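For reference, the chains in residue letters:
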Amino acid sequence: MKIGKKLKTLRTERNETQSQVAKAIGTAPRHYQRFESDEGLPGLELFAAMANHFQVNMDYLAGRTDLRDMLPPRTMETLRLHLRPFRDEDAEDVFAYAKNPAVGPVAGWPPHNSEAESLEIIRTVFSNPGVFAIELKETGRVVGSVGFVGGHPEGLRPECPDDELGYALSQDCWGRGLATEAARAVLRYGFEVLKLRRIWCGHYEGNDRSRRVVEKLGFRYQFEREEAVPLLDEVRRTHFYTMTEEDWRGQLPGSGAGRGE
């Protein structure tokens, strides 16, 4: 991912110096200069500060969408779920499901060891504007996450903005169609709000539960390959699927090609 050209264009539009931008986002001028020269990438906190300073959305800055304006409030509602940004007070709920060894490792991340760790994940990984908390309407409890993880299995293609869908769900909610319900809402967000042209989804070899969700959503199988799983220090066989905007629109009610739950 290269962001230097966009940073320079945005800074020039505001008639600012590199030092002024660096001060505004809370870093040293020499560090900002490296970002603008594509000699390094900022951490998530600095990346968010840049997007906020230039008043553009993070996916535009990352090259994942041509939609430049700050995104509208990230809240959606389905029959059984509220999808919304994570909040610090969700740490207790996140830890309750993420400490379960049946949840994280199949998706490539280790169980959480404390509420403090869950809070750190909320403030970093889950702060991405394309990630949503899955909140059950009936209880108000956060039971998982769903959203875009910044994956581009075939590399970035400016003419075809894409991203990868990911999700995790509390074990006590499995088998109720909630992951499918949440993912369908996020697919709409991806195609209509982020203006993506293609969305990827994948699962590791043997994760049949995730495979069934992918198939229910209508993704098309593309290929498989060995992938590093850095958080677990493993290599796993990974299966990749895609859905194009045209595929998605063909599933909408009234298109004549809808899919059952």
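Cut-offs used in this document
Residues numbered from 1 in each chain as written. Predicted model: local features only at pLDDT ≥ 70, side-chain atom pairs only at ≥ 80, totals over all residues. Heavy atoms only, no water. Axes fitted to C-alpha atoms, helices over the stretch in contact; angles between N-to-C directions. Helix = DSSP H or I, 4+ residues; strand = E, 2+ residues; numbered from the N terminus. Contact = heavy atoms within 4.5 Å. Nonpolar A, V, L, I, M, F, W, Y, C, P; charged D, E, K, R; others polar. Parallel < 35°, antiparallel > 145°, perpendicular 65-115°, else oblique. Phe/Tyr/Trp six-rings, centres within 6.5 Å; stacked < 30°, edge-to-face > 60°. Disulfide = S-S within 2.5 Å. Salt bridge = Lys/Arg side-chain N within 4 Å of Asp/Glu carboxyl O. Buried < 20%, exposed > 50% of the residue type's maximum accessible area, 1.4 Å probe, protein only. Core = buried A, V, L, I, M, F, W, Y, C linked by side-chain atoms within 4.5 Å. Pairing = 2+ DSSP bridges.

Chemist: Could you clarify how one ought to interpret the packing of helix α1 (residues 4-13) against helix α3 (residues 29-36) in this entry?
Modeler: Helix-helix packing: each pair is described by the crossing angle between the helix axes and the interaxial distance. The interhelical angle for the contact between α1 and α3, taken along N-to-C directions, is 115°, at an axis separation of 7 Å. Seen from α1, the contacting residues are Gly-4, Leu-7, Lys-8 and Arg-11; seen from α3, they are Tyr-32, Phe-35 and Glu-36. Its residues placed into classes, the contact of α1 with α3 shows three nonpolar, one polar and three charged.

Chemist: I'm lost on the packing of helix α6 (residues 91-98) against helix α7 (residues 115-123) in this one. Help?
Modeler: Put simply, α6 and α7 touch, their axes get as near as 8 Å, and they point 110° apart. It follows that α6 is roughly perpendicular to α7 by the angle criterion. In contact with Ala-91, Glu-92, Val-94 and Phe-95 of α6, α7 contributes Glu-115, Ser-118, Leu-119 and Ile-122. Taken together, the residues of the contact of α6 with α7 break down into five nonpolar, one polar and two charged.

Chemist: Help me out: how do you make sense of the packing of aromatic side chains in this one?
Modeler: Two aromatic rings are characterised by how far apart their centres lie and by the angle between their planes. Scanning the entire structure with this criterion turns up seven aromatic pairs. Aromatic ring contacts, followed pair by pair, group Trp-200, Phe-223 and Phe-240 into a single cluster.

Chemist: Before we go on, may I ask you to explain the state of the cysteines in this structure?
Modeler: The term disulfide refers to a covalent linkage connecting the sulfur atoms of a pair of cysteines. Going through the model one piece at a time under the given rule, you end up with zero disulfides. Here Cys-173 is not cross-linked by a disulfide; its sulfur's nearest cysteine counterpart is in Cys-201, at 19 Å.

Chemist: How should the pattern of salt bridges be read in this particular structure?
Modeler: Proximity of charged atoms lets side chains of opposite charge pair with each other. What the rule picks out here adds up to 22 salt bridges. Arg-11 is paired through a salt bridge with Glu-36; the nearest N and O atoms lie 2.7 Å apart. Taken as a pair, Arg-11 in helix α1 and Glu-36 in helix α3 lie far apart in primary sequence, 25 residues in all. Residue Arg-11 is classed as buried on the basis of its relative accessible area of 12%. Among the ionic pairs, Glu-181 bridges to Arg-80, the shortest N-O distance being 2.7 Å. Within this pair, whereas Glu-181 is found in helix α8 (residues 178-193), its partner Arg-80 is found in the loop between β1 (76-77) and β2 (81-84), the two being separated by 101 residues in sequence.

Chemist: Honestly, α6 in this entry has me stumped. Any pointers?
Modeler: Since there are 3.6 residues in each turn of an α-helix, residues three or four apart along the chain are aligned in direction. Those residues of α6 that sit buried are Ala-91, Val-94, Phe-95, Tyr-97 and Ala-98. Looking at the buried side of α6, the elements it contacts are α7 and β4 (142-148).

Chemist: When you look at unusual backbone geometry in this model, what are you seeing that I'm missing?
Modeler: One can expect most non-glycine residues to show negative phi and most peptide bonds to be in trans. Non-glycine residue Asp-38 carries a positive phi angle of around 60°. By the secondary structure assignment, Asp-38 is in the loop between α3 and α4 (44-54). For Asp-38, a relative accessible area of 34% gives the class partly exposed. Here the phi dihedral of Asp-233 falls at roughly 55°; this positive angle occurs in a residue that is not glycine. Summarising the element assignment, Asp-233 is placed in the loop between β7 (220-229) and β8 (234-244). Since its relative accessible area comes to 73%, Asp-233 is described here as exposed.

Chemist: Teacher, can you tell me more about the nonpolar core here?
Modeler: Within soluble globular proteins, side chains that are nonpolar generally end up buried alongside one another. Core analysis: the biggest nonpolar cluster contains 33 residues, and Leu-83, Leu-165, Leu-187 and Phe-219 have the highest contact counts within it. Elements that contribute at least two residues to this core include exactly β2, β3 (131-136), β4, β5 (162-169), α8, β6 (198-204), α9 (208-217) and β8. Ranked by residues supplied to this core, first place goes to α8 with nine residues. Residue contacts for Leu-187: discarding those within four places in its chain leaves Leu-165, Ile-199, Leu-217, Phe-219, Met-243 and Trp-248.

Chemist: Even after reading the chapter, I still don't get the pairing of β8, so can you show me in this structure?
Modeler: Two strands pair when backbone bridges link them, and β6 and β8 are joined in this way by seven bridges, in the antiparallel orientation. Across the sheet, the residue bridging to His-203 is His-239, located in β8. Pairing analysis gives nine bridges linking β7 to β8, with the strands arranged antiparallel. When the bridges of β8 are listed, Val-229 appears paired with Glu-234. Here β7 hands over to β8 after four residues, with Asp-233 in that stretch at a positive phi of 55°.

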